[in-house]
Structures are given as structure tokens and as C-alpha cells.
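Single-letter residue listing:
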Amino acid sequence: MSTQPKAAPRHGILSLTIKDKAVLYAAYMPFVQNGGLFIPTHKQYSLGDEVFMLLSLMDEKEKIPVAGKIIWITPKGAQGNKATGIGVQFSNQDNGQARTKIETYLAGTLNSERSTHTM
């Protein structure tokens, strides 16, 4: 019985630091199952690519490790001058740790009408 090794993520580890609530609000995707983040990047990705992120929020010293997959791509030159980048859906491996921490920071602003990078 042969088993194929699982392919490692092609793009390595994404490191994302968000120190401002307005930036976090614009990047967060609460409408995605398990939550997700928009990450500005010019690197080429495909839908379904698996990625691993180290997320730094506000002034916290500890980075949050988050596995996820690409579910959104905003190409260069997108309509409405949207930022080029990818949307990453969090996997359920961290039991919602990243989503809970983000939503704690954004308490009271998640129902805002302000535009985000994705909607």
C-alpha cells in the first residue's frame, strides 16, 4: 500500500502584523466559516492553496499560528481600486483561537457599514 506524502505549502509561512483596529476591521472576513483574513500581497496564489500564517495582533508579543486555505483572490488592477491580495479562510485546527481573538478586538464594530478589503 503506497501513500503519497502531503505536499508542503508552496509559499512558505506568511507573516502578518496588524497593529491598528481599522486595519484589522478592513482585513477580517467574518462571513467566512471559521473566519478569515484578507492579506495584501502581490505573490501569485491559486484558489484552494493551503497556507500557514503567523499573525501578530496589536501589541501582543505572541504570534498566533494559523493554518488556512485561499478562498479569495483580488487581482492587480481590480475594479474599485481594491487592494491586491488573497483571502485566507482559517482552518478549524486552532479551535477558533484566531477568530475569537480578532472578534474580541473588533467587538462593537463588526456590524459597521464601513467597507472592507473584500466587501
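Remember, it's a predicted structure, so these values are computed and weren't measured experimentally.

Procedures and definitions
Residues numbered from 1 in each chain as written. Predicted model: local features only at pLDDT ≥ 70, side-chain atom pairs only at ≥ 80, totals over all residues. Heavy atoms only, no water. Helix = DSSP H or I, 4+ residues; strand = E, 2+ residues; numbered from the N terminus. Contact = heavy atoms within 4.5 Å. Areas by Shrake-Rupley, 256 points an atom, 1.4 Å probe, with all protein chains shown as cover. Core = buried A, V, L, I, M, F, W, Y, C linked by side-chain atoms within 4.5 Å. Buried < 20%, exposed > 50% of the residue type's maximum accessible area, 1.4 Å probe, protein only. Pairing = 2+ DSSP bridges. Axes fitted to C-alpha atoms, helices over the stretch in contact; angles between N-to-C directions. pLDDT = per-residue confidence, 0-100. Polar contact = N/O pair within 3.5 Å; in protein donor to acceptor, adjacent residues only side chain to side chain.

1. A few points about the overall build of the protein
In terms of regular secondary structure, the protein is built from 2 helices and 5 strands. Scanning the protein from its N terminus toward the C terminus, one meets helices and strands in the order β-α-β-β-β-β-α. Of all intrachain contacts in the protein linking residues separated by at least 6 positions in sequence, the fraction that spans at least 24 positions is 65%. Element-wise, carbon and sulfur atoms account for 52% of the exposed surface of the protein, whose accessible area totals about 7,600 Å².

2. Concerning the nonpolar core
As a rule of thumb, soluble globular proteins bury nonpolar side chains together. Leu24, Leu37, Phe90 and Ile102 are the most contacted members of the largest nonpolar core, which has 24 residues in total. Of all the secondary structure elements, the ones that give two or more residues to this core are β1 (13-18), α1 (21-27), β2 (36-40), β3 (50-57), β4 (64-74), β5 (85-90) and α2 (97-105). Beyond its immediate chain neighbours, meaning those up to four positions away, Ile102 contacts Leu24, Tyr28, Leu37, Leu55, Leu57 and Phe90.

3. Re the sheet that holds β4
Pairing is mixed across the open sheet formed by 5 strands, whose spatial order is β1-β3-β4-β5-β2. Across the chains shown, the open sheet's two edge strands, defined by having one partner strand only, are β1 and β2. Strand-to-strand twist in this sheet, taken as the mean axis angle between neighbours without regard to direction, amounts to 40°. Looking at chain direction, β1 and β3 are connected through 6 bridges and run parallel. Bridge pairing in β3 places Ile18 opposite Leu57.

4. Here's the deal with the confidence of the model for the protein
Across the protein, pLDDT averages 83, with 82% of residues at or above 70. Averaged over each element, pLDDT in the protein is lowest for β1 (90) and highest for β5 (94). Predicted confidence for residues 1-9 stays below pLDDT 50, and this span has 2 contacts to residues more than four positions away or in other chains.

5. As for the side chain of Asp49
By secondary structure assignment, the location of Asp49 is in the loop between β2 and β3. A distance of 2.9 Å separates the side chain of Asp49 from the backbone nitrogen of Ser46, its partner in a polar contact.

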